[in-house]
Amino acid sequence: MYIPTVINIVQASLSPLTRIVGFGGPTTSDIHSVHAWNRFGVLSPYHDRSHLRGVQADLPADCTVDQVVLLHRHGSREPEGEENYINKLVETLDNSTIPNHLSPNLQFLKHGYKSNLVPKDLTIFGRQQLFDHGVEFALDYPGFSTDFVVSSTTQRVIDSASYFILGMFGRGVDIVTVNKLELPVNWILPWESCPKFSPWVELEVSWGPIGCIPLIRQRLSAFIPGVELSDEDIRGALNACPYDLACYDASPWCGVFEPHELAAFDYESDLISDGISGFISRNDTGPILGSVYINKLIERFSNATGDARQLYLEFGHDVTTLLVLSAMNLNKGVIPLTPEYMPVDRKFRGSEQSPFAARMIWEKFTCKDSYVRLLLNGETYPLTPGRKSFQDLRFSTCSLSEFVKANAFSTHIRYGDETWNAACVVEH
């Protein structure tokens, strides 16, 4: 996750109600299958979303895509703070005597476990993800081109943009970082203009009488006698799984955990993400910050300034993408996410909505009228608030006019107005 987080699990039950279907015990060869290791919140490896049943993937033959706006998250990266837990685990193992008799999923410990992760860097697989997406984008939109690419100021995001551009164009294109736009607020990093926005999320989680991390520690300690595992070590092992995948495309730690333990790890990530960018965010900043992007999107699709481009290529973070969904209520469930229990079926899923290398593609297309479609991670994402006609249901789209109406929450917010200041400005 781009923004550092703090979490304090006080108590977390791993009752059968927390079990989520979809976790198995795959081998390295099938590690990226739909039912394998794809659910680690926003630390998940990139994967296309499942096709939405009943929705036509291809637009009607008489419709033409006129404008495309891409918002892309950076590719797989190395840890950003979590390496402290992983390094603590490595130290504990190095200072312990590993027993001779181990269960099959722990045999790798006999050969030692080392971690050579470089904090914050884009990994080789992250580079490949962006290059491949650039190639795919060029094939999907062969008539579209631009010489203007916008990126966050973070190096791994700039690098991600570079690899995407290389895949799409086969050559370099100048990248403009958002700070050079000299705007009071920008749609890639809107939180930088919101002093009240807090990148630190502390969760006092009460899921039951038995602690989540201590319970895992007790279970693993029974299989590795003589190794004094701490709660920090367990958190290190949990984080080693997705970060090893990000760096090496495989991890011995993923097979160590039970499905419901990984499901709890996935949900913990969603709680943190929702607390930063969603509907349980402090001061309700999530949807308000997301309005900056929505207003910019409407400005472009309606050509309000008279100089709209045919194609926009922009690169940011997981939070950037999740803020946009929050502003449109597209990842808001009927019941808000809560630390009290883990719902099996929830709308907010970082693993599906903003994994590493997530790609959000907005299309404006014309049939008889102008319409809007959202493609999120390879599949149509339903624009539920603006769907009115049979065509909207069939293609999960909405007309541009209905899109604007459905986003009245955003269009009534401007930087520096009463709503913005209430959420963002610190009173002295």
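The preceding data block contains the structure.
Asks: Before we go on, may I ask you to explain the pattern of salt bridges in this structure?
Replies: Any two side chains of opposite charge can pair if their charged atoms end up close together. Scanning the entire structure with this criterion turns up 18 salt bridges. When the shortest N-O distance is used, the salt bridge between Asp318 and Arg73 registers 3.9 Å. With Asp318 in helix α8 (residues 318–327) and Arg73 in strand β2 (residues 64–73), this pair connects stretches of sequence that are 245 residues apart. Classification of Asp318 by relative accessible area gives buried; the value is 0%. For Arg73, a relative accessible area of 0% gives the class buried. Between Arg359 and Glu136 there is a salt bridge, and its shortest N-O distance comes to 3.3 Å. Placement of the pair is Arg359 in strand β7 (residues 359–366) and Glu136 in helix α2 (residues 124–140), with a sequence separation of 223 residues. Since its relative accessible area comes to 32%, Glu136 is described here as partly exposed. Overlapping salt bridges, with partners in common, bring together Asp266, Asp270, Arg346 and Arg349 in one network.

Asks: Looking at this model, I keep getting lost on the state of the cysteines. Mind explaining?
Replies: Covalent bonding between the sulfur atoms of two cysteines defines a disulfide. Tallying each qualifying case throughout the model produces three disulfides. Each disulfide pairs two cysteine sulfurs, and for Cys63 the partner residue is Cys367, the sulfurs being separated by 1.8 Å. Sign of the S-S torsion, about 100 degrees for the bond between Cys63 and Cys367, identifies this disulfide as right-handed. Here Cys367 lies in the loop between β7 and β8 (370–376) and Cys63 lies in the loop between β1 (8–11) and β2, a separation of 304 residues in the sequence. Judged by relative accessible area, Cys63 falls into the buried class, the value being 13%. For the protein, numbering the cysteines in disulfides from first to last along the sequence yields the connectivity 1-5, 2-6, 3-4.

Asks: Explanation requested: the side chain of Ser291 in the structure shown.
Replies: The topology assignment puts Ser291 in helix α7 (residues 285–301). You can call Ser291 buried: its relative accessible area is 1%.

Asks: What am I meant to see in the side chain of Asp233 here?
Replies: As for its placement among the helices and strands, Asp233 is situated in helix α5 (residues 231–248). Classification of Asp233 by relative accessible area gives buried; the value is 0%. Side chain to side chain, Asp233 and Lys88 meet in a polar contact 3.3 Å long.

Asks: Hey, could you run me through the nonpolar core in this one?
Replies: Buried together is how nonpolar side chains tend to be arranged in soluble globular proteins. Within the largest apolar cluster, 51 residues are counted, with the highest numbers of intra-cluster contacts made by Trp362, Leu383 and Phe403. Of all elements in the fold, only β2, α6 (259–277), α7, α8, β7, β8, α11 (400–406) and α13 (418–424) reach the threshold of two or more residues within this core. With eight residues, α7 is the largest single contributor of residues to this core. Counting residues in hydrophobic clusters, the runner-up holds 37 residues, among them Leu89, Val90, Ala246 and Phe265.

Asks: I tried to follow the pairing of strand β6 (residues 311–316) on my own but got confused; where do I start?
Replies: For β6, the buried fraction is high: six of the six residues fall into the buried class. Along β6, one buried face is formed by Leu311, Leu313 and Phe315 and the opposite face, lined by Tyr312, Glu314 and Gly316, is buried too. Pairing of β2 with β6, which is carried by six bridges, proceeds in the parallel orientation. The residue of β6 that forms the bridge with Leu70 is Leu313. Sheet topology places strand β3 (residues 149–151) next to β6; three bridges connect them, and they run parallel.

Asks: What's the story with the pairing of β2 in this structure? I'm lost.
Replies: Look at any regular strand and the pattern is simple: side chains alternate between the two faces of the sheet. Counting buried positions along β2 yields seven of 10 residues, so the element is predominantly enclosed. Relative to β7, β2 runs antiparallel, the two sharing eight bridges. Each bridged residue has a counterpart across the sheet, and for Val69 the counterpart in β7 is Trp362.

Asks: Looking at this structure, how should I read unusual backbone geometry?
Replies: Backbone phi values are negative for most residues with the exception of glycine, while trans is the configuration of most peptide bonds. With a phi angle near 75 degrees, Lys120 is a residue other than glycine that sits in the positive phi range. Along the chain, the position of Lys120 falls in the loop between α1 (83–94) and α2. In this structure Lys120 comes out as partly exposed when scored by relative accessible area, which is 46%. Phi is positive for Asn303, close to 50 degrees, though the residue is something other than glycine. Within the secondary structure, Asn303 is located in the loop between α7 and β6. Look at Asn303 and you get partly exposed, because its relative accessible area is 36%.

Asks: Honestly, a nonpolar patch on the surface in this entry has me stumped. Any pointers?
Replies: On the surface, Phe131, Val135, Leu139 and Leu166 cluster together into a nonpolar patch covering about 340 Å² of accessible area. Considering each element in turn, the nonpolar patch owes the most residues, three residues, to α2. Structurally, the position occupied by Leu139 is in helix α2. Since its relative accessible area comes to 67%, Leu139 is described here as exposed.

About the criteria used
- Residues numbered from 1 in each chain as written.
- Predicted model: local features only at pLDDT ≥ 70, side-chain atom pairs only at ≥ 80, totals over all residues.
- Heavy atoms only, no water.
- Salt bridge = Lys/Arg side-chain N within 4 Å of Asp/Glu carboxyl O.
- Helix = DSSP H or I, 4+ residues; strand = E, 2+ residues; numbered from the N terminus.
- Buried < 20%, exposed > 50% of the residue type's maximum accessible area, 1.4 Å probe, protein only.
- Disulfide = S-S within 2.5 Å.
- Polar contact = N/O pair within 3.5 Å; in protein donor to acceptor, adjacent residues only side chain to side chain.
- Core = buried A, V, L, I, M, F, W, Y, C linked by side-chain atoms within 4.5 Å.
- Pairing = 2+ DSSP bridges.
- Patch = residues over 30% accessible without salt bridge, like charges linked within 9 Å, V, L, I, M, F, W, Y side chains within 5 Å.
- Areas by Shrake-Rupley, 256 points an atom, 1.4 Å probe, with all protein chains shown as cover.

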